[in-house]
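# A structural walkthrough
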Amino acid sequence: MAAIATVDDWTARAADVDVPRQAFVDGAYVDALSGATFECRSPIDGRLLAEVAACEAADVDRAVAGARAAFDSGRWATAAPKERKRVLLRLAELMLEHRDELAVLETLDMGKPIRESRETDVRLAAECVQYYAEAVDKVYDEIAPTGRDAVAMIYREPLGVVGAVVPWNFPLLMASWKLAPALAVGNSVVLKPAEQSPLTALRIGALAVEAGLPEGVLQVVPGDGPGAGQPLGLHPDVDMIAFTGSTDVGKLFLRYAGESNMKRVSLECGGKSPHIILPDCHDLPAAATAAAWGVFYNQGEVCNAGTRLVVHEQIKDEFMDLLLAAARDIAPGNPLDPDTTLGAMVDETQTERVLGYIETGRDEGADLVLGGSRVRADSGGFYIEPTVFDRVRNDMRIAREEIFGPVLATIDVGSEAEAIAVANDTMYGLAAAVWTDSVDAAHRVARAIRAGVVWVNTFDAGDITSPFGGFKQSGFGRDKSIHALEKYADLKTVWIGLRG
């Protein structure tokens, strides 16, 4: 389907889109058992999109029971890999067929630019589903190298019921990172989207059944953390929680696992990624552009955003001029305008949180050299201009804590060793980047930084073939790549003694 070209076209499409409002359980849209709902408002202009079913413990029980029954039936769990492949490929096709609808729901719900929703998020989500569909019949079981008196066969079996809890910043893409490998292995999934952005997750439930996924294999339970997330984490019949979100909430899921059935937990949590610019980097304009987009992309609501700019003092002044010039070209606009590159913050709460951190930066003595204000207030939505602090110390809160907004903290260093020390002086370890023209320095710094991904002379590059996840309190377990299949399966050994 061709892209809709103008803001008027997208606005008209947004006015006509069918907004899902109910939970998706056992192949049908249903109200919460209590009848409770919560308001889903658009950050574009604050308008009410829908009253969405507010699922609670009883709803989670119903969804988990349905997912378990579907798993135990074997209709999906024991289906031939080529059959699971066929269904998931069809789901990917349907996601692309409904690309404009999904993009509109994503932009209305979360505030990201429609160009990004359509050309990046929906496309990459469909590619993710397609990737794991293609992979499922190409992963072999094993025969152990035993003696001739035995045959030991090693099987990969699905875990059972997986609870997938995903964040609001990339609702569809993060859901696909969990759903696609979990379903490919043969699990049933109960998906709990963030209450700020439940719409595309609810739509995917119906598309999955249309693609041929048996009813009950994918359940979607919207609701808040205490109402739906906690009961899912504590549920004794959930075998795994796959979570992306804040470190504080990730720790709660670890606690829930210990308090319940010792379910396994995979966590992709927060970040405070260092973006290092060494003095031998000669393409400073490219580095400055990457540094600006590395923190302002998706309104700064990115877990691996390069929020700490670690720049060598020898090139500091020249680099800052280039960075500020690049940042001044980025301004919030109407997310339904295809020319907009910076959209709205997800809601009022997050907006106030980010503005609070900006005040904290001022109070701590950092120099505010760009931005710092809420803008487009007359729209009724939630917008913050790109914000840059200079002369930041690494012990300041704006350098220590995840802000999750368009705020950059600039830290001076005098050597490569100091840059590495600053980069690693954080509780997080999700991602990092270094710009250098030295092959030796590139390898040296990349190996020295404690992070799950280190980019060299680029930022936020990669595709579905490379794993993503963190060190330290950024979590453990990996999304993307063939490696992601491993966490959704158990190894079973069948040892057969042979009589001579």
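In this report, the structure presented in the accompanying data block is examined.

### Examining the packing of helix α1 (residues 7-16) against helix α4 (residues 99-110)
Look at α1 against α4: their axes get within 10 Å of each other, and the N-to-C directions meet at 85°. By the angle between their axes, α1 is roughly perpendicular relative to α4. On the side of α1, the interface is formed by Trp10, Arg13 and Ala14, while α4 contributes Asp100, Glu101, Val104 and Leu108. Of the residues in the contact of α1 with α4, the class split is four nonpolar, no polar and three charged.

### Digging into the pattern of salt bridges
Following the criterion strictly, the structure yields 34 salt bridges and no others. Its salt-bridge partner being glutamate 39, residue arginine 41 comes within 2.9 Å of it at the nearest N-O pair. The exposure class of arginine 41 is partly exposed, given its relative accessible area of 39%. Across the salt bridge formed by arginine 99 and glutamate 119, the nearest N and O atoms sit 3.4 Å from each other.

### Re the sheet that holds strand β6 (residues 150-158)
Backbone hydrogen bonds hold the strands of a sheet together, and the pairing may be parallel or antiparallel. If you walk across this open sheet you meet the three strands as β5-β6-β24, and the pairing is antiparallel. Because the sheet does not close on itself, it has two edges, and the strands there are β5 (142-143) and β24 (489-497). Bridge analysis of β5 against β6 gives two bridges, and the strand direction is antiparallel. Pairing of isoleucine 143 across the sheet is with methionine 153, part of β6.

### Points about the packing of aromatic side chains
Enumeration over the complete set of coordinates arrives at eight aromatic pairs. Taking the centre distance of 5.0 Å and the plane angle of 90° together, the rings of tyrosine 131 and tyrosine 132 count as edge-to-face. For tyrosine 132, a relative accessible area of 1% gives the class buried. On the basis of an interplanar angle of 85° and a centroid distance of 5.6 Å, the ring pair of phenylalanine 253 and tyrosine 256 is categorised as edge-to-face. Pair noted here: phenylalanine 253 and tyrosine 256 are both in helix α9 (residues 247-259), with a separation of three residues, about one helical turn.

### Considerations on the side chain of asparagine 187
Looking at where asparagine 187 falls in the secondary structure, it is placed in the loop between α6 (171-185) and β8 (188-192). For asparagine 187, the side chain forms a polar contact with the main-chain nitrogen of leucine 159, separated by 2.7 Å. Within the local environment of asparagine 187, its side chain forms a polar contact with the backbone oxygen of alanine 182, the two atoms lying 3.0 Å apart. Residues contacting asparagine 187, with those up to four places away along its chain left out, are Phe71, Trp76, Pro158, Leu159, Gly160, Val162, Ala182, Val217 and Tyr488.

### Quick look at the pairing of β6
Each regular strand shows side chains that alternate between the opposite faces of the sheet. Count of turn residues in the β5/β6 antiparallel hairpin: six residues. The pairing of β6 with β24 spans nine bridges and is antiparallel. Looking at the pairing, valine 151 lines up with isoleucine 496 of β24.

### Notes on the nonpolar core
Among soluble globular proteins, nonpolar side chains are generally buried collectively. With 117 residues, the main nonpolar core has Phe319 and Leu323 as its most contacted residues. Residue contributions to this core peak at 11 residues, all from α6. Excluding residues that lie within four positions of it along the chain, leucine 323 makes contacts with Ala288, Ala291, Ala292, Leu309, Val388 and Leu408.

### What about the pairing of β8?
Among the five residues that make up β8, five are buried, leaving the element largely enclosed by the rest of the structure. Residue alternation in β8 divides its side chains into two sets, Ser188, Val190 and Lys192 and Val189 and Leu191, and both sets are buried. The sheet contact formed by strand β7 (residues 161-165) and β8 spans five bridges and is parallel. Counted as the bridge partner of valine 162 is valine 189 from β8. Taken together, β7, α6 and β8 form a β-α-β motif whose crossover is right-handed.

### Digging into the sheet that holds strand β14 (residues 367-370)
Across the sheet, which stays open at both edges, the seven strands sit in the order β14-β17-β18-β13-β12-β20-β21 with mixed pairing between neighbours. If you trace the sheet from one side to the other, it starts and ends with β14 and β21 (453-456), each paired once. On average, adjacent strands in this sheet sit at an angle of 25° to one another, irrespective of strand direction. Note that β14 and strand β17 (residues 387-390) share three bridges and pair antiparallel. Residue pairing in the sheet places aspartate 367 in a bridge with aspartate 390 of β17. Across the sheet, helix α10 (residues 284-296) is in contact with β12 (274-277), β13 (308-312), β17, β18 (407-413) and β20 (431-435); its angle to β12 comes to roughly 170°. Relative to β18, helix α14 (residues 416-424) is tilted by about 145°, and along the sheet it contacts β12, β13 and β18.

### Digging into helix α12 (residues 348-364)
Here α12 is 17 residues long and its end C-alpha atoms lie 24 Å apart, about the 24 Å a rise of 1.5 Å per residue gives. All of the buried residues along α12 are Gln350, Thr351, Val354, Leu355, Tyr357, Ile358, Thr360 and Gly361. Where α12 is buried, its residues contact β15 (374-375), β16 (383-384), β17, α13 (397-400) and β18. The N-terminus of α12 is capped by aspartate 347, whose side-chain oxygen sits 3.3 Å from the backbone nitrogen of threonine 349. Of the residues flanking the end of α12, it is glycine 365, one or two places downstream, whose phi is positive at about 100°.

### Overview of the side chain of lysine 85
In this fold, lysine 85 is placed in helix α3 (residues 81-97). Of the residues examined, lysine 85 reaches a relative accessible area of 18% and is grouped as buried. The contacts of lysine 85, once residues within four sequence positions are left out, are Ala133, Glu134, Val136, Asp137 and Lys138.

Rules used in this analysis
Residues numbered from 1 in each chain as written. Predicted model: local features only at pLDDT ≥ 70, side-chain atom pairs only at ≥ 80, totals over all residues. Heavy atoms only, no water. Axes fitted to C-alpha atoms, helices over the stretch in contact; angles between N-to-C directions. Helix = DSSP H or I, 4+ residues; strand = E, 2+ residues; numbered from the N terminus. Parallel < 35°, antiparallel > 145°, perpendicular 65-115°, else oblique. Contact = heavy atoms within 4.5 Å. Nonpolar A, V, L, I, M, F, W, Y, C, P; charged D, E, K, R; others polar. Salt bridge = Lys/Arg side-chain N within 4 Å of Asp/Glu carboxyl O. Buried < 20%, exposed > 50% of the residue type's maximum accessible area, 1.4 Å probe, protein only. Pairing = 2+ DSSP bridges. Phe/Tyr/Trp six-rings, centres within 6.5 Å; stacked < 30°, edge-to-face > 60°. Polar contact = N/O pair within 3.5 Å; in protein donor to acceptor, adjacent residues only side chain to side chain. Core = buried A, V, L, I, M, F, W, Y, C linked by side-chain atoms within 4.5 Å. Right-handed = clockwise from strand over helix to strand, strands pointing away. Expected span 1.5 Å × (residues − 1).

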